[in-house]
Amino acid sequence: MSNTTHQVRFAEHQRLGAIAGAIALWLTALQNCDRKRGMHIIDLPADNQELIKQAATLLVQGFKEHWPNAWPDMDTALEEVRRCLGPGRINRVAVHEDRTLLGWVGASREYQGHAWELHPLVVHPDHQRKGIGQTLVADLEIRVREQGGITMYLGTDDEDHMTSLSNVDLYPDVAGHIARVTNLRGHPYEFYQKLGYVIVGVIPDANGLGKPDIIMAKRVGNQPSTSLRSSHRPVNQAFEGVEP
């Protein structure tokens, strides 16, 4: 067989391989779209024991890798779900048409309703990176805005050395550490940044020595009036000259 024939067959194999890969990606995307089309976001019913149990299971499964002490078992998770179903709270869940709970996001009314704390946000491990978390947060922001909320804030812990803010003494230059924050191992703070949240502070040692809580916030209510003084300085410039 001539070299030319080999080259032609090799090129044909490459072309077919590329087509097969494109088809596989298209099918995966189609499956994800089908799942999202079959997804509905509803309030978490306080009387639906099956969904409550699934929500508790999500807490255990979703946090066990990097935050194992958050809800180590079903008892603590069920207690947290029931607590989140109390007054002054919003709970929204993504439910597939087969009644599988795909994700859960919640918020509690704080600061006389001007600010709401986002807690929790968890997505089924088998359905992460499909836009479900982003969709849930966007839906929650609408609900908070409807309640008159202006700001949403959250705490995202780093107990497993996932950022440059963990396993280090943040004092005395806490602001400097925030300005130089680096994501080392897929910490979710970058997920929230993509949704418009910014790091507004950190609580050093909140979960033990060298294990901080990263505080993030976003304005979700009406845009500020012209009476508010605005600042467009980048984060690294905003912390320049900060005294320890």
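First, a word on what this report is: a plain description of the structure on this page. Just so it is clear, the structure is predicted and the values come from calculations on it, not from any experiment.

Reading the values: rules and limits
- Residues numbered from 1 in each chain as written.
- Predicted model: local features only at pLDDT ≥ 70, side-chain atom pairs only at ≥ 80, totals over all residues.
- Heavy atoms only, no water.
- Buried < 20%, exposed > 50% of the residue type's maximum accessible area, 1.4 Å probe, protein only.
- Helix = DSSP H or I, 4+ residues; strand = E, 2+ residues; numbered from the N terminus.
- Pairing = 2+ DSSP bridges.
- Core = buried A, V, L, I, M, F, W, Y, C linked by side-chain atoms within 4.5 Å.
- Contact = heavy atoms within 4.5 Å.
- Phe/Tyr/Trp six-rings, centres within 6.5 Å; stacked < 30°, edge-to-face > 60°.
- 1 Å grid on protein atoms, 1.4 Å probe; cavity = no way out; pocket = protein on both sides within 12 Å on 5 of 7 lines; lining within 4 Å.
- Points joined across faces, edges and corners; volume = space filled by probe spheres on them.
- Nonpolar A, V, L, I, M, F, W, Y, C, P; charged D, E, K, R; others polar.
- Polar contact = N/O pair within 3.5 Å; in protein donor to acceptor, adjacent residues only side chain to side chain.
- Axes fitted to C-alpha atoms, helices over the stretch in contact; angles between N-to-C directions.

Let us look at the pairing of strand 7 (residues 213-219). Within strand 7, five of the seven residues are buried, leaving the element largely enclosed by the surrounding structure. Of the strand pairs in this sheet, strand 6 (residues 198-203) and strand 7 are connected by five bridges, and their pairing is antiparallel. Within strand 7, the position partnered with Val202 by the bridge is Ile214.

Grouped together as the largest cluster of nonpolar side chains are 30 residues, with contacts concentrated most on Leu118, Leu140, Val144, Met152, Tyr197 and Met216. For this core, the element with the most residues is helix 4 (residues 132-146), which contributes five residues. Those residues in contact with Met216, other than ones at most four positions away along the chain, are Met152, Tyr153, Leu154, Thr156, Tyr189, Tyr192, Gln193, Tyr197, Val198, Ile199 and Val200. In this structure, Ala56, Leu59, Ala77 and Val95 belong to the second largest nonpolar core, which totals 21 residues.

Let us look at the packing of aromatic side chains. All chains considered together, the criterion is met by four aromatic pairs. Ring centres 5.0 Å apart and planes at 80° place the aromatic pair Phe63 and Trp71 in the edge-to-face group. Here Phe63 matches Trp71 in class, with each residue buried. A ring pair is formed by Phe191 and Tyr192, whose centres lie 5.2 Å apart and whose planes are at 75°; its orientation type is edge-to-face. Classification of Phe191 by relative accessible area gives partly exposed; the value is 30%.

Once that is clear, we can look at the layout of surface pockets. Considering only enclosed or pocket space, the largest pocket measures out at about 1400 Å³ in volume. In terms of lining, the largest pocket is formed by 44 residues, of which the most central are Trp67, Leu121, Pro188, Phe191 and Tyr192. Within the residue set of the lining of the largest pocket, elements represented by two or more residues are helix 2 (49-63), strand 4 (115-123), helix 4, strand 5 (151-157) and helix 6 (189-194). With seven residues, the single largest contributor to the lining of the largest pocket is strand 4. In the lining of the largest pocket, the residues fall into 17 nonpolar, 16 polar and 11 charged.

Turning our eyes to something else, we now look at the side chain of Ser166. Considering the arrangement of structural elements, one finds Ser166 in the loop between strand 5 and helix 5 (174-179). Among the polar contacts listed, one links the side chain of Ser166 to the backbone nitrogen of His161, at a separation of 3.4 Å. Within the structure, the side chain of Ser166 is placed 3.2 Å from the backbone oxygen of Gly210, a separation counted as a polar contact. Beyond its immediate stretch of four places on either side in the chain, Ser166 contacts Asp158, His161, Gly210 and Pro212.

This part covers the sheet that holds strand 4. Strand order in the open sheet made by the seven strands is 1-2-3-4-5-7-6, with mixed pairing throughout. Because the sheet does not close on itself, it has two edges, and the strands there are strand 1 (39-43) and strand 6. Here the strands of the sheet are splayed against their neighbours by 25° on average, with no regard to which way each runs. Here strand 5 pairs with strand 7 via seven bridges, running antiparallel. Residue pairing across strands places Thr156 opposite Ile214, the latter belonging to strand 7.

With eight of 10 residues buried, strand 3 (residues 101-110) is to be regarded as a mostly interior element. As paired strands, strand 2 (residues 89-96) and strand 3 are joined by seven bridges and run antiparallel to one another. Considered in strand 3, the bridge of Val93 is made with Trp104. Counting the residues that bridge the hairpin from strand 2 to strand 3 gives four residues, and of these Arg99 lies at a positive phi of roughly 75°. In the sheet, strand 3 pairs with strand 4 via seven bridges, with the strands oriented antiparallel. Pairing of Gly103 across the sheet is with Val123, part of strand 4. Taking the residues between adjacent antiparallel strands as the criterion, strand 3 and strand 4 are bridged by four residues, where Tyr111 takes a positive phi near 50°.

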